[in-house]
Amino acid sequence: MNVQVKKVYRNDYLNIISALFKKLGLPQLIDHLVPVDPQCQTRVSDAVQAIIYNLFDGRQALVHVERWAQEIDLEKLIRSGLHPSQLNDDALTRHLDRLYEAGIYRVFQRRVRPFMTPEHPLKGPGGRKLTRPTGQAIFQLFPYVNVVLFKLPDGRIQRSLDRSLTPDQRRILQGLGMDESIYV
């Protein structure tokens, strides 16, 4: 039997980021919020993932993403049937425009709202009760989360929050599947 190598892809942490993106259901959520345009060969979630992975891979976003996409395993990282030529600058720009028009904050409010109830609302500015907060209102609860870097006697750097997160900030992070470790 004669087996030939078709292509070799460099696999690194992009696979972890891709798995996390999929585990959180973000591609489906984005495609639900910004429905697939039947005239496009790609989806908004394809564009978002390609740009994010491109940034994590040390590239500059929207500059030659199509060429960069030839070097990665798109079918594994994003979805089956996706071709690098479909991630050209025009397609990416159109999808980003559509995402902006749809209101990117809706992605976050949809993830966080199930944790809010009339009995346990978030406290907004001025103590206002938020039982169905918008994505923008959710982010406004994180205005000044400061991280302090301490240089230890042995030369190591330790990160710490300058104050504890509020219970509402913790609930929001929990709703997004995260905790304060994203800061430290």
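Reading the values: rules and limits
- Residues numbered from 1 in each chain as written.
- Predicted model: local features only at pLDDT ≥ 70, side-chain atom pairs only at ≥ 80, totals over all residues.
- Heavy atoms only, no water.
- Helix = DSSP H or I, 4+ residues; strand = E, 2+ residues; numbered from the N terminus.
- Rg over C-alpha atoms; globule rule 2.2 N^0.38 Å.
- Buried < 20%, exposed > 50% of the residue type's maximum accessible area, 1.4 Å probe, protein only.
- Contact = heavy atoms within 4.5 Å.
- Polar contact = N/O pair within 3.5 Å; in protein donor to acceptor, adjacent residues only side chain to side chain.

1. Focus: the overall build of the protein
The number of helices and strands found in the protein is 9 helices and 4 strands. Relative to a compact globule of 184 residues, whose C-alpha radius of gyration would be 16 Å, the protein shows 20 Å and is clearly more extended. Projected onto its principal axes, the C-alpha positions of the protein cover 65 × 50 × 35 Å. For the protein, with 184 residues in total, the buried portion stands at 35%. For the protein, contacts bridging at least 24 residues in sequence account for 57% of all contacts bridging at least 6.

2. Concerning the environment of Glu-180
Inspection of the secondary structure assignment puts Glu-180 in the segment after helix H9 (167-175). Residue classification places Glu-180 among the partly exposed positions, given a relative accessible area of 31%. Sequence separation between Glu-180 and Leu-161 is 19 residues; the distance between their C-alpha atoms is 8.7 Å. With sequence-adjacent residues up to four places away left out, Glu-180 is seen in contact with Leu-161, Leu-165, Arg-170 and Leu-173. A distance of 3.1 Å separates the side chain of Glu-180 from the side chain of Arg-170, its partner in a polar contact.

3. Describing the side chain of Ser-18
With respect to the helices, strands and loops of the structure, Ser-18 is situated in helix H1 (residues 14-23). With residues near it in sequence (within four places) discarded, Ser-18 still touches Tyr-53, Lys-76 and Leu-77.

4. Here's the deal with the environment of Lys-76
Among the secondary structure elements, Lys-76 is positioned in helix H5 (residues 74-77). Residue classification places Lys-76 among the exposed positions, given a relative accessible area of 54%. Dropping the residues within four chain positions of it, Lys-76 is found in contact with Asn-15, Ser-18 and Lys-22.

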